[in-house]
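Here is how the chains run, residue by residue.
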Amino acid sequence: MSRDRNSRRLPVLITLLVGLMLTIVPLPDAIEAFRPSWLALLLIFWAIQLPRTWSVGTAWFVGVVLDVSYGTLLGQHALALCLIVFATVRFHLLMRVFPLSQLSATIFALLALYQFILYWVNGVAGVSAPAITYWAPVISGTVIWPFFYTFLSGVRYRSRAGG
Amino acid sequence: MTRGNNSNPGRIPALSLRVLALIIISIVLMYLDHRQNHLDGIRRAIGAAVYPVQLVVDAPMRLWEWLGDSTTSRNELELELGRLRAERLLTNARLQRLTALEAENARLRALLDVRSRVRDEVRVAEIMHVDAGSYEHNLVISIGSRDGVYDGQALVDADGVVGQVIRTGVMTAQAVMISDADHALPVVVNRNGLRTIAVGTGEIDRLDLPFLPNNADIRAGDLLVTSGLGGAFPTGYPVAVVDTVTRIPQQPFADVTATPQAALDQVREVMLIWSAPVVDEEDTQ
């Protein structure tokens, strides 16, 4: 039982680690704003697939790590990730059967909610940023979602078949 | 995590409750973090845990640089050696003048009965991560409190002031650049000693000097150096060169912009300055 659970956890942890790397790797200024919120996408994916193991607790913890590496207000990303993962877990059965167009619309809404929470907390704390830094990741994240989803489904299938 | 009964796969037990608890914790954390620096310990601990990831992310870049260094051709190396020799000669010549000037300065200060300063100590740190895309201009450097870095410490590069440390981790530290919109730096105009404040704009190549009256004696090309008045930066490091001075008669203040001297968007290494405490040399004699 526990070995089964470990073999299920490892791939998720690895993807989260890679996601964190992609989040902090330096990019050229021109595309920096369009860096998708990798960790948000990952957490949404795993929350759809394995909502019992990877839900709000994980999201919150990842958010705190993100806050530390970005140097933002401690709890800001944690709050935002926690809320979108909560929404995902609530609707994970629906999202599993959504056709791609609807799923993409849902992802767009979730990412927009994520950025809105970040924006809102920034506003309360008195940090202002140009609008593009909030909108660009929503767009790039939605565009990349289908590929991302296919890729991660492959990872999941393989890791299961292997374990 | 929670394992519910599999008969009803749609429901995750106590989910709302957990979310509510986490939201409350987040808000309390943000409040504490915003008000005070109560959470530096937590930040430091998590920062230390994330440090290996930062190292791994940085590794390809280092590898690339290392490859570039080790595959430079002999010809190029010789050229560079020649250039460096010439540069060293020049620098040495200037340094000699500097030594003389320093001695003279100390003598004059002694005459004026002013305390003289000992030289600042510096140490080189590598930049691991730059976040200059958004309004906040932050960077993460590769040494931390283990090496004696402290909050508020000044960062310079070869050409001028880069920023200051805002959060010290065990092995890394986070610094804010002078171009950050929330950063302000007390400076003096090198030409005439006019004191003012250089404020970041959020653009990496521009600083604003918003507090200069229309009749202030400042013009394009003036060099701004740190005044040391804020207490964070040591005196006399170059900060920026004035670009444009627009005097608008209706407005109380002139519109002055300056370009930072440090290559804020290019630096890979920075120097950290330990300002030596001001000691009175005359007392020891």
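The text that follows walks through the structure, step by step, so that each part is easy to find. None of these values were measured; they are calculated from a predicted model. (Residues numbered from 1 in each chain as written. Chains lettered and ligands numbered in written order. Predicted model: local features only at pLDDT ≥ 70, side-chain atom pairs only at ≥ 80, totals over all residues. Heavy atoms only, no water.)

1. Brief notes about the overall build of chain A
Phase 1 of the analysis: Scanning chain A for helices and strands turns up 8 helices and 0 strands.
Phase 2 of the analysis: For chain A, the α and β elements follow one another from N to C terminus as α-α-α-α-α-α-α-α.
Phase 3 of the analysis: Counting the 163 residues in chain A, one finds 53% classified as buried.
Phase 4 of the analysis: A separation of at least 24 residues holds for 68% of the contacts in chain A among residues at least 6 apart in sequence. (Helix = DSSP H or I, 4+ residues; strand = E, 2+ residues; numbered from the N terminus. Buried < 20%, exposed > 50% of the residue type's maximum accessible area, 1.4 Å probe, protein only. Contact = heavy atoms within 4.5 Å.)

2. Details of the packing of aromatic side chains
Residues and elements named next belong to chain A.
Phase 1 of the analysis: Under the definition given, this model contains 6 aromatic pairs over all chains.
Phase 2 of the analysis: Aromatic pair Trp-145 and Phe-148: ring centres 5.8 Å apart, planes at 35 degrees, arrangement tilted. Highlighted residues: Trp-145 and Phe-148, both in helix α8 (residues 132–162), separated by 3 residues, approximately one helical turn. For the pair formed by Trp-145 and Phe-148, the shared burial category is buried.
Phase 3 of the analysis: An aromatic cluster of at least three residues, connected via ring pairs, comprises Trp-38, Phe-45, Trp-46, Trp-145, Phe-148 and Tyr-149. (Phe/Tyr/Trp six-rings, centres within 6.5 Å; stacked < 30°, edge-to-face > 60°.)

3. Notes on helix α2 (residues 40–70) of chain B
Phase 1 of the analysis: Within α2(B), the axis deviates most sharply at Val50(B), by approximately 40 degrees, and proline Pro52(B) lies no more than four positions further along.
Phase 2 of the analysis: Within the sequence span of α2(B), burial applies to Asp40(B), Arg43(B), Ile46(B), Gly47(B), Val50(B), Tyr51(B), Val53(B), Gln54(B), Val57(B) and Asp58(B). (Bend = angle between axes of the 7 residues up to and from the residue.)

4. Here we look at the packing of helix α3 (residues 38–49) of chain A against helix α7 (residues 100–125) of chain A
Residue and element names in this part refer to chain A.
Phase 1 of the analysis: Interhelical geometry of α3 versus α7 gives an angle of 130 degrees and a closest axis separation of 11 Å. Accordingly, the angle class assigned to the pair α3 and α7 is oblique. For the pair α3 and α7, the sense of crossing is right-handed. Across the interface between the two elements, Ala-40, Leu-41 and Ile-44 from α3 touch Ile-107, Leu-110, Leu-111 and Tyr-114 from α7.
Phase 2 of the analysis: Looking at side-chain class alone, the contact of α3 with α7 contains 7 nonpolar, no polar and no charged residues. (Axes fitted to C-alpha atoms, helices over the stretch in contact; angles between N-to-C directions. Parallel < 35°, antiparallel > 145°, perpendicular 65-115°, else oblique. Left-handed = near helix turned anticlockwise from the far one by under 90°. Nonpolar A, V, L, I, M, F, W, Y, C, P; charged D, E, K, R; others polar.)

5. Some thoughts on the side chain of Thr23(A)
Phase 1 of the analysis: You can see Thr23(A) is positioned in helix α1 (residues 2–24).
Phase 2 of the analysis: Judged by relative accessible area, which is 6%, Thr23(A) ranks as buried.

6. As for the packing of helix α5 (residues 76–90) of chain A against α7(A)
Residue and element names in this part refer to chain A.
Phase 1 of the analysis: Following both chains from N to C, one finds α5 and α7 inclined at 150 degrees, their axes separated by 9 Å at the closest point. The angle between α5 and α7 places the two elements in the roughly antiparallel class. In this structure, α5 meets α7 at a crossing whose hand is right-handed. Mapping the contact onto sequence places Gln-76, His-77, Leu-79, Ala-80, Leu-81, Leu-83, Ile-84, Ala-87 and Thr-88 in α5 and Leu-110, Leu-113, Tyr-114, Ile-117, Leu-118, Val-121 and Asn-122 in α7.
Phase 2 of the analysis: Within the contact of α5 with α7, the residues separate by chemical class into 12 nonpolar, 4 polar and no charged.

7. Quick notes on the side chain of Asn138(B)
Phase 1 of the analysis: Inspection of the secondary structure assignment puts Asn138(B) in strand β2 (residues 138–141).
Phase 2 of the analysis: You can call Asn138(B) buried: its relative accessible area is 6%.
Phase 3 of the analysis: Among residues more than four places away in sequence, those in contact with Asn138(B) are Tyr70(A), His129(B), Val130(B), Asp131(B), Ile166(B), Gln174(B), Ala175(B), Val176(B), Met177(B) and Asp180(B).

8. A short note on empty space enclosed by the protein
Phase 1 of the analysis: Here the structure, examined in full by the defined rule, presents 5 cavities of 30 Å³ or more.
Phase 2 of the analysis: Volume-wise, the second largest cavity comes out at about 240 Å³.
Phase 3 of the analysis: Put simply, the parts of the chain that give the lining of the second largest cavity at least two residues each are α4 (56–70) of chain A together with α2, β4 (161–168) and β5 (173–177) of chain B.
Phase 4 of the analysis: Sorting elements by how many residues they give to the lining of the second largest cavity places α2(B) first, with 6 residues.
Phase 5 of the analysis: When its residues are assigned to classes, the lining of the second largest cavity shows 4 nonpolar, 7 polar and 4 charged. (1 Å grid on protein atoms, 1.4 Å probe; cavity = no way out; pocket = protein on both sides within 12 Å on 5 of 7 lines; lining within 4 Å. Points joined across faces, edges and corners; volume = space filled by probe spheres on them.)

9. Points about the pairing of strand β12 (residues 269–274) of chain B
Along a regular strand, successive side chains alternate from one face of the sheet to the other.
Phase 1 of the analysis: The sheet contact formed by strand β1 (residues 121–131) of chain B and β12(B) spans 6 bridges and is antiparallel. Counted as the bridge partner of Val124(B) is Met271(B) from β12(B). (Pairing = 2+ DSSP bridges.)

10. What to know about the environment of Val56(A)
Phase 1 of the analysis: Structurally, Val56(A) can be placed in helix α4.
Phase 2 of the analysis: Exposure remark for Val56(A): the relative accessible area of 0% places this residue in the buried category.
Phase 3 of the analysis: Expressed as a C-alpha distance, the spacing of Val56(A) and Thr88(A), which sit 32 residues apart in the sequence, is 9.7 Å.
Phase 4 of the analysis: When neighbours within four sequence positions are excluded, Val56(A) is seen to be in contact with Cys82(A), Val85(A), Phe86(A), Leu15(B), Arg18(B), Val19(B) and Leu22(B).

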